[in-house]
Amino acid sequence: MIRTSILLVLLLPLLAFCLEGPDLMLLGDCYIPGPGGFNLCSAEPQTGGMKLTLQNASLYDIRSLDWNYAGIRYSSGCWTIAGDFRMYGVNSLYESDQYQVMIHYLFVERLSIGAGYGRKELNFGDGLYKTSINILRFSSGFKLDNFSLDLTVDNIALNDDDKAVGDPEYLFSGAWPVYRELTVYSIYYRNPYKHDRFLLGQDLKLNKHLNINAGLISGPEVYFVGLEIVYKGLVFGYTYYDVAGLPDCSKLTLNYR
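Attention in this report is confined to the structure presented alongside it. Numbers given for residues are sequential positions, taken from 1 along each chain in its written order. Only residues with pLDDT of 70 or above have their local features reported here, since the model is predicted, and side-chain atom pairs are shown and tallied only from 80 upward, although totals for entire chains, interfaces and linings are computed over all residues. As a rule here, side-chain values come from all non-hydrogen atoms in the structure, and water together with hydrogens is ignored.

Topic: the pattern of salt bridges
The term salt bridge refers to a side-chain nitrogen of Lys or Arg lying within 4 Å of a carboxyl oxygen of Asp or Glu. Scanning all chains against the criterion turns up four salt bridges. Across the salt bridge formed by glutamate 121 and arginine 119, the nearest N and O atoms sit 2.8 Å from each other. The classification of residues rests on relative accessible area computed with a 1.4 Å probe and restricted to protein chains. Under 20% of the type maximum is buried, over 50% is exposed, and intermediate values are partly exposed. Taking the relative accessible area as the measure of exposure, glutamate 121 reaches 34% and is therefore partly exposed. Residues arginine 190 and aspartate 196 are paired through a salt bridge, measuring 2.7 Å at the closest nitrogen-oxygen approach. For arginine 190, a relative accessible area of 29% translates into the label partly exposed. The class of aspartate 196 is partly exposed, set by a relative accessible area of 29%.

Here's what the structure looks like:
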């Protein structure tokens, strides 16, 4: 027991890095600018009213690995208020719960800025080691005609003496509606441990009730394809992820927009 405890303490930063990795794969769509999806990072005049997302993922054929996410945002005039909550972990090994609240302001229908506060609770080894991390987020968005860009700096630790949090995260995302039915988007992401990843995808509207999205992520390579069924303001989605060298993953979503 003592040997196991010492080993877990020595491996805490590496364990946190390995288990936090899927967030770009699963949450990349929450950073795509534009009015079509659930965007946490910017405010646009087309996104007035309320949006809600509920998500659940099955990862790597590990039954004890749970990942759940919920987000809500409300826009009125030039202001947007948003919040999200994520539960992620392996039973009796690692748990990471995080929530954030954010506020954005839109200038002259082209430029938005925002800031947020969050808290992350980490639990290693079924209570062997626990820590809480307070974090800040800053974001800005720019829109030129139909082309949208967002820049987000996240995971800025207020108590940065804890090695489990790493450095700030950087996300630079863009979206371009090539046609009314087709949108191309991309994301550059630097994680807290200075590892760069890229996401490139497309969203195709087949008709008013059916959407298809597909793309790839680098480092490691992940290919994904998803189907969305739209009924009035509700969107039911399923996404399949082909992860290089690992068992495949999938995600179910329910959005209101």
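What to know about the nonpolar core
A general tendency of soluble globular proteins is for nonpolar side chains to be buried together. Met25, Leu40, Leu59, Trp67 and Tyr241 are the most contacted members of the largest nonpolar core, which has 38 residues in total. Under the scheme used here, helices are H or I runs from DSSP no shorter than 4 residues and strands are E runs no shorter than 2 residues, and both carry numbers assigned from the N terminus. With four residues, the single largest contributor to this core is helix 3 (residues 23-27). Residue contacts for tryptophan 67: discarding those within four places in its chain leaves Asp23, Leu26, Leu27, Gln55, Asn56, Ala57, Leu59, Arg86, Met87, Tyr88 and Lys251. By nonpolar core is meant a set of buried Ala, Val, Leu, Ile, Met, Phe, Trp, Tyr and Cys residues that side-chain atoms within 4.5 Å join together. Contacts between residues were defined by any pair of non-hydrogen atoms, one from each residue, lying within 4.5 Å.

Some details on the pairing of strand 6 (residues 129-144)
In this analysis, strands are considered paired if DSSP registers two or more bridges between them. Relative to strand 6, strand 5 (residues 111-124) is paired through 14 bridges, and the arrangement is antiparallel. Within the sheet, the bridge partner assigned to serine 112 lies in strand 6 and is glycine 141. Sheet topology note: the strand 6/strand 7 (residues 147-157) ladder contains nine bridges and is antiparallel. Residue pairing for strand 7: glycine 141 is matched across the bridge by aspartate 150.

Some points on unusual backbone geometry
The residue after glycine 219, namely proline 220, is reached through a cis peptide bond having omega 0°. Assignment of secondary structure puts proline 220 in the loop between strand 11 (210-217) and strand 12 (222-231).

Describing the pairing of strand 2 (residues 65-76)
Of the two faces of strand 2, only the one carrying Leu65, Trp67, Tyr69, Gly71, Arg73 and Ser75 is buried; Asp66, Asn68, Ala70, Ile72, Tyr74 and Ser76 on the other face are not. Pairing between strand 1 (residues 49-58) and strand 2: nine bridges, direction antiparallel. The partner of leucine 54 across the bridge, within strand 2, is alanine 70. Counting the residues in the hairpin turn of strand 1 and strand 2 gives six residues, including tyrosine 60, whose phi is positive at 60°. Sheet topology note: the strand 2/strand 3 (residues 79-90) ladder contains 12 bridges and is antiparallel. Note on strand 3: the bridge partner recorded for leucine 65 is valine 90. The turn linking strand 2 back onto strand 3 is made up of two residues, and glycine 77 within it adopts a positive phi angle of 65°.

What about the packing of aromatic side chains?
The rule is short: rings of Phe, Tyr and Trp, with Trp giving its six-membered ring, pair when the centres are within 6.5 Å, and they are stacked under 30 degrees, edge-to-face over 60, tilted in between. Considering all chains together, one arrives at five aromatic pairs under this definition. Taking 5.3 Å as the distance between ring centres and 45° as the angle between the ring planes, the aromatic pair formed by tyrosine 188 and phenylalanine 198 counts as tilted. Highlighted residues: tyrosine 188 in strand 9 (residues 182-190) and phenylalanine 198 in strand 10 (residues 196-207), separated in sequence by 10 residues. The partly exposed category is assigned to tyrosine 188, whose relative accessible area is 27%. Residue phenylalanine 198 is classed as partly exposed on the basis of its relative accessible area of 46%. Taking 6.2 Å as the distance between ring centres and 45° as the angle between the ring planes, the aromatic pair formed by phenylalanine 224 and tyrosine 241 counts as tilted. Placement of phenylalanine 224 in strand 12 and of tyrosine 241 in strand 13 (residues 234-243) is noted, with a sequence separation of 17 residues between them. In this structure, phenylalanine 224 and tyrosine 241 share a single accessibility class: buried.

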